[in-house]
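Letter by letter, the chains look like this.
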Amino acid sequence: MLADCCILMVALLPLVAANDGEKQEKEFDVKPGGQAQKFSHTWEGISCEFVYAAQGGTKELWLMSLRKTQDGTSHECSVERPGAVSYLYFMHFELKFTGVKLLKNEVHVYGNNGQPLNSKEYEVDMKNGRVHDAPNNFKSQLSKVLIVGVRRPEEDNRTEL
């Protein structure tokens, strides 16, 4: 029975690896001061842009990740304070993902301690591919924002007969 289990695990390894896809990560500093700041990264025509204003504390190291599935159809954009709680007070945030169509129910926003924010604290704009704080409802805690989308069809390459 143990041998069967090991054979099954070894047989599944290539499937797991094939679904990992590729990713690019960029570190950046989130700086307090109350002024709007922006960090963005573009990879193969897909762009991720984080705009924020924060107060309190000192700068913090954050991470922006762009990931794609092995077949290149599904993409993920995230910004996060890796492995730590953010001590900044966010006045405003927006994460915009361009070059993809957002997937419904695939926008995730977390406060400190990995707790999902109440959906009243942020708004999702499917048409413009972005998630942002909900005015008067956002409680200023943020540690991660994640958006998943699918590549938009190349409409420019179509020709009419």
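Preceding this section is the structure that the text describes.
Residues numbered from 1 in each chain as written. Predicted model: local features only at pLDDT ≥ 70, side-chain atom pairs only at ≥ 80, totals over all residues. Heavy atoms only, no water.

Chemist: I tried to follow the overall build of the chain on my own but got confused; where do I start?
Modeler: In terms of helices and strands, the chain carries one helix and 10 strands. Reading the secondary structure of the chain in the N-to-C direction produces α-β-β-β-β-β-β-β-β-β-β. Evaluated residue by residue, the chain yields a buried proportion of 35% over its 161 residues. The contacts of the chain with a sequence gap of at least 6 include a subset with a gap of at least 24, amounting to 65%. (Helix = DSSP H or I, 4+ residues; strand = E, 2+ residues; numbered from the N terminus. Buried < 20%, exposed > 50% of the residue type's maximum accessible area, 1.4 Å probe, protein only. Contact = heavy atoms within 4.5 Å.)

Chemist: Got a minute to help me understand empty space enclosed by the protein in this structure?
Modeler: This model, assessed by the stated rule, comprises one cavity of 30 Å³ or more. Along its surface, the largest cavity is lined by Trp43, Ile46, Leu66, Arg67, Lys68, His75, Glu76 and Phe97. Of all the elements in the fold, those that place two or more residues in the lining of the largest cavity are β4 (60-68) and β5 (74-80). By residue number, the principal contributor to the lining of the largest cavity is β4, which donates three residues. (1 Å grid on protein atoms, 1.4 Å probe; cavity = no way out; pocket = protein on both sides within 12 Å on 5 of 7 lines; lining within 4 Å. Points joined across faces, edges and corners; volume = space filled by probe spheres on them.)

Chemist: What should I look at first to understand the sheet that holds strand β7 (residues 100-110) in this one?
Modeler: The strands making up a sheet associate through backbone hydrogen bonding, with each pair oriented either parallel or antiparallel. Taking strand neighbours across the sheet as the criterion, the five strands line up as β1-β4-β5-β10-β7 in an open arrangement whose pairing is antiparallel. What marks the edges here is a single partner per strand, and that holds for β1 (22-30) and β7. Here the strands of the sheet are splayed against their neighbours by 15 degrees on average, with no regard to which way each runs. Looking at chain direction, β4 and β5 are connected through six bridges and run antiparallel. Opposite Met64, over in β5, you have Val79 as the bridge partner. (Pairing = 2+ DSSP bridges. Axes fitted to C-alpha atoms, helices over the stretch in contact; angles between N-to-C directions.)

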